[in-house]
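Single-letter residue listing:
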Amino acid sequence: KVHQQAAGLEGIFANGPFKVMGEYSRGQYTATHNVGSEVRYDTDTYYVETGYFLTGEKYANSYKNGVFGGFKPNNEFDLDKGDLGAIELAFRMEGYAVDDGFISSSGGRFQGNLSSYTSSSNTSVAFESNAAAKSKATTYTAGIRWILNPNIILKANLAHTKLGYNYTPIDIGSANAASVNSETLFMTRLQYMF
């Protein structure tokens, strides 16, 4: 049986070529199994994002029915005319936190320092009120989007994630494996829309 409840708030403000948007949510989750095991935890998630069109496009021009759609450049890419298309810079910060975690059977995997968990004789694991009972991460992303025309878009993002606690990647599966506390990714995309 799973019980969950969550609440969130989201907003956006756009003025000409600038926008800022964000969201925050809080959730509480409990799951029980017919053999008596239980998992419960609370979550907080959020993001804040800003964007700016260097070439002057207005975000409001693509806002319809409560969402932002595709952008059409003021001047489509054309080297002969010196037109670059639309160029957007963006920055985003997003993250999550999990706390008040409890697992009543062994085998659960939470990011964190497992040495502080306490076990009883029936192999239950209680997450104490300390760093080991929590998990969190924050990602900072800087990006550029180049919209040559309504059909062709180039994107590049550099994202750095800072983890709240060291962890060993789950696919390594070795007690001697090195733990990590951050990662950096560089991502690109060429997108063609029909």
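Just so you know, these numbers come straight off a predicted model, no measurement behind them. (Residues numbered from 1 in each chain as written. Predicted model: local features only at pLDDT ≥ 70, side-chain atom pairs only at ≥ 80, totals over all residues. Heavy atoms only, no water.)

## Description of the overall build of the chain
Thought 1: Helices and strands together make up the secondary structure of the chain, namely zero helices and 11 strands.
Thought 2: Looking at the 194 residues of the chain, the share that counts as buried comes to 28%.
Thought 3: Within the chain, contacts between residues at least 6 apart in sequence are counted, and of these 58% link residues at least 24 apart.
Thought 4: Carbon and sulfur atoms provide 54% of the accessible area of the chain, an area that totals close to 12,500 Å². (Helix = DSSP H or I, 4+ residues; strand = E, 2+ residues; numbered from the N terminus. Buried < 20%, exposed > 50% of the residue type's maximum accessible area, 1.4 Å probe, protein only. Contact = heavy atoms within 4.5 Å. Areas by Shrake-Rupley, 256 points an atom, 1.4 Å probe, with all protein chains shown as cover.)

## Considerations on the pairing of strand β10 (residues 152–167)
Thought 1: Two elements, strand β9 (residues 135–147) and β10, share 11 bridges in a ladder whose sense is antiparallel. Considered in β10, the bridge of Ile147 is made with Ile153. (Pairing = 2+ DSSP bridges.)

## Section: the side chain of Thr138
Thought 1: Mapped onto the elements, Thr138 comes out in strand β9.
Thought 2: Polar side-chain contacts of Thr138 include one of 3.4 Å to the side chain of Tyr46.
Thought 3: When neighbours within four sequence positions are excluded, Thr138 is seen to be in contact with Tyr46, Met93, Glu94, Gly95, His160, Thr161 and Lys162. (Polar contact = N/O pair within 3.5 Å; in protein donor to acceptor, adjacent residues only side chain to side chain.)

## A word on the packing of aromatic side chains
Thought 1: The full count for this structure, using the stated rule, is five aromatic pairs.
Thought 2: Centroid distance Tyr59 to Phe71: 5.4 Å. Interplanar angle 90°. Geometry classified as edge-to-face. Taken together, the positions of Tyr59 in the loop between β3 (38–53) and β4 (63–64) and Phe71 in the loop between β5 (67–68) and β6 (86–103) put the pair 12 residues apart, joining distant regions of the chain.
Thought 3: Just above the ring of Tyr47 sits the side chain of Arg92; from NZ or CZ to the centre is 4.2 Å. (Phe/Tyr/Trp six-rings, centres within 6.5 Å; stacked < 30°, edge-to-face > 60°. Lys NZ or Arg CZ within 6 Å of the ring centre and 35° of its normal.)

## Quick look at the pattern of salt bridges
Thought 1: In the structure shown here, the tally under the stated rule is seven salt bridges.
Thought 2: One salt bridge connects Lys19 with Glu49, and the closest N-O pair in it is separated by 3.6 Å. Of this pair, Lys19 sits in strand β2 (residues 18–32) while Glu49 sits in strand β3, and the two are 30 residues apart along the sequence. For the residue pair Lys19 and Glu49, the accessibility class agrees, reading buried in each case. (Salt bridge = Lys/Arg side-chain N within 4 Å of Asp/Glu carboxyl O.)

## Thoughts on the nonpolar core
Across soluble globular proteins, you tend to see nonpolar side chains buried next to one another.
Thought 1: Of all hydrophobic cores here, the largest spans six residues; its members are Phe53, Tyr59, Phe71, Ala86, Ile147 and Ile153.
Thought 2: Look past the residues within four positions of Tyr59 in its chain and what remains in contact with it is Ala14, Gly16, Pro17, Phe18, Lys19, Gly51, Tyr52, Phe53, Phe68, Phe71 and Glu88. (Core = buried A, V, L, I, M, F, W, Y, C linked by side-chain atoms within 4.5 Å.)

## Topic: the confidence of the model for the chain
Thought 1: Per-residue confidence for the chain gives a mean pLDDT of 80, with 77% of residues at or over 70.
Thought 2: The least confident element of the chain is strand β7 (residues 118–119), whose mean pLDDT is 40; the most confident is β9, at 94.
Thought 3: Counting contacts from residues 106–132, a segment whose pLDDT is below 50, to residues more than four positions away or on other chains yields 52 contacts. (pLDDT = per-residue confidence, 0-100.)

## What to know about the pairing of β6
Thought 1: As defined by bridge partners, β3 adjoins β6 across 14 bridges and the pair is classed as antiparallel. Paired with Thr45 across the strands is Tyr96, a residue of β6.
Thought 2: Across 13 bridges, the pairing between β6 and β9 is antiparallel. Across the sheet, residue Glu88 finds its bridge partner in β9, namely Arg145.

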